[in-house]
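Analysis of the macromolecular model
The primary structure of each chain is shown beneath.
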Amino acid sequence: MANKLGIFVNFWENTWKVDLKKYIAKAAKIGYDVLEFQAQALLDMSDTALAEIKAAATDAGLELTYSLGLDPAYDISSPDIAVREGGIRYLTDIMKQIGKMEGRLLSGVSYAGWGVPADGDKAKRLAHSINSMKILSKTAGELGITYGIEAVNRFEGILINTAAEARAYVEAVGSPHVGILLDTYHMNIEEGSIGDAIRTAGDLLVGFHVGENNRTCPGRGHLDWDEIFGALKEIGYRGRIVAEPFLMTGGEVGKDIYVWRDLIDNKSEAALDNEAAYMLSFMKKYF
Ligand code: LER
Ligand code: MN
């Protein structure tokens, strides 16, 4: 089976909450198989709203996947047990909503607070996070969700910056419902070799994000896509590949992702749609 190709909804919008039905229709029309969005948005949605979005995705033949950058208030690696317990409840609630949508993949910085904590005791935080994740992995399994542990660059987290750190974490959790998610933007900052990082993740890789060195669309920067996609083929990766460029300043997304200059000249919706179509055709040359 071919890899499914996806796009993250904040390609178009600079708020985390968006009109999902609009972008389900748009992503499907362009030809994507998957639309990913920030999972926290689900918490405010009624069961009726969830059912409507799920139906819209089914009708469009599109799969929805979920990602999040965990608010430090719910940090499951925190030295404070009350914060950890609150984080486990919060992530359990999010997974229950994803379960209602029959969602299969939750990824992102969902194993610690997103960002660099004031208390950077990495060893202690790792141990706390692994224990919390063992609990969360049971819920994930019951709901049929795979939890993708995303290695992110040093400015967005201290626990897992590389594929090797992600592998060690996932092996310590030891659940078939928890795997690794790699993102080329982060790998470009942290890894000595992106190909080797992909091979390190190997059979534990459950998700893949693509973005250029400066978070533009694949093919617009200086990453070596022959190496990247070649390594994915080498390890026999059959999972989703979701494009996650962030092109525009402004709003909560521009601030959270640190976009301080526009990375595309024409910001009209039509120009963005064209760029999304270009990005899909670029990926399809490989898959
Ligand atoms: C954030 O930088 C990122 O890559 C996302 O996938 C995680 O929220
Ligand atoms: Mn990512």
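This structure is a prediction, so every number in the text was calculated from the model and none was measured. (Residues numbered from 1 in each chain as written. Chains lettered and ligands numbered in written order. Predicted model: local features only at pLDDT ≥ 70, side-chain atom pairs only at ≥ 80, totals over all residues. Heavy atoms only, no water.)

Another aspect to go through is the coordination of the manganese ion (ligand 2). The reference angle at a metal is 109.5 degrees if four donors form a tetrahedron and 90 or 180 degrees if six donors form an octahedron. Only Glu150 (OE), Asp183 (OD), His209 (ND1) and Glu244 (OE) from the protein reach the manganese ion (ligand 2) as donors, at distances of 2.1 to 2.2 Å. If you look at the manganese ion (ligand 2), its six donor atoms make angles of 70 to 175 degrees with each other, and the shape they trace is octahedral. Every donor residue of the manganese ion (ligand 2) comes from the same chain, spaced as E-x32-D-x25-H-x34-E. In this pair, Glu150 sits in strand 5 (residues 146-150) while Glu244 sits in the loop between strand 8 (241-243) and helix 9 (251-256), placing the two residues 94 residues apart along the sequence. Summarising the burial analysis for this pair, Glu150 and Glu244 share the class buried. (Donors = N, O, S within 2.8 Å, 3.2 Å for Na, K, Ca; no water. Tetrahedral: all angles 85-135°; square planar, octahedral: opposite > 155°, others 65-115°. Helix = DSSP H or I, 4+ residues; strand = E, 2+ residues; numbered from the N terminus. Buried < 20%, exposed > 50% of the residue type's maximum accessible area, 1.4 Å probe, protein only.)

Let us now look at empty space enclosed by the protein. Enumeration according to the criterion identifies three cavities of 30 Å³ or more in this entry. Quantified by volume, the largest cavity comes out at close to 160 Å³. Together, 19 residues line the largest cavity, and Ser67, Leu68, Gly69, Trp114 and Glu244 are the ones closest to its centre. Elements that contribute at least two residues to the lining of the largest cavity include exactly strand 3 (63-69) and strand 4 (105-109). Class assignment for the residues of the lining of the largest cavity results in eight nonpolar, six polar and five charged. Considered as a void within the structure, the second largest cavity measures approximately 60 Å³ in volume. Lining the second largest cavity are 13 residues, with Ala112, Gly113, Gly115, Ile158 and Leu159 sitting closest to its centre. Of the residues assigned to the lining of the second largest cavity, the class counts are seven nonpolar, four polar and two charged. (1 Å grid on protein atoms, 1.4 Å probe; cavity = no way out; pocket = protein on both sides within 12 Å on 5 of 7 lines; lining within 4 Å. Points joined across faces, edges and corners; volume = space filled by probe spheres on them. Nonpolar A, V, L, I, M, F, W, Y, C, P; charged D, E, K, R; others polar.)

Another aspect to go through is the nonpolar core. By size, the foremost hydrophobic cluster in this structure holds 86 residues, and its most contacted members are Leu64, Tyr111, Met133, Leu182 and Phe208. A total of seven residues in this core trace back to one element, the largest contributor, which is helix 10 (residues 269-284). Not counting residues up to four positions away in its chain, the partners in contact with Tyr111 are Ile76, Ser77, Ser129, Met133, Ile149, Glu150, Ala151, Val152, Leu159, Ile160 and Tyr169. Within the second largest apolar cluster, eight residues are counted, among which are Phe8, Trp16, Val242 and Val259. (Core = buried A, V, L, I, M, F, W, Y, C linked by side-chain atoms within 4.5 Å. Contact = heavy atoms within 4.5 Å.)

In this approach the atoms are scanned with a rolling probe the size of a water molecule, which exposes any empty space left behind. Looking at the largest pocket, its volume works out to about 230 Å³. Lining the largest pocket are 13 residues; nearest its centre among them are Gly69, Leu70, Pro72, Trp114 and Asp256. A class-by-class count of the residues in the lining of the largest pocket yields five nonpolar, four polar and four charged. Roughly 180 Å³ of internal volume is contained in the second largest pocket. Every residue lining the second largest pocket is listed: Tyr185, Asn214, Arg215, Phe246, Ile257, Tyr258, Val259, Trp260, Arg261 and Leu263. Class assignment of the residues belonging to the lining of the second largest pocket gives a composition of seven nonpolar, one polar and two charged.

So, on to the pairing of strand 1 (residues 5-8). Side-chain alternation along strand 1 places Leu5 and Ile7 on one buried face and Gly6 and Phe8 on a second face that is also buried. Here strand 1 runs beside strand 8; their pairing, made up of three bridges, is parallel. If you follow Gly6 over to strand 8, its bridge partner there is Val242. Summarising the sheet, strand 1 and strand 2 (residues 34-38) pair through three bridges and their orientation is parallel. When the sheet's bridge partners are listed, Phe8 is paired in strand 2 with Glu36. Chirality of the crossover, the property in question, places the unit of strand 1, helix 1 (residues 20-30) and strand 2 among those that are right-handed. (Pairing = 2+ DSSP bridges. Right-handed = clockwise from strand over helix to strand, strands pointing away.)

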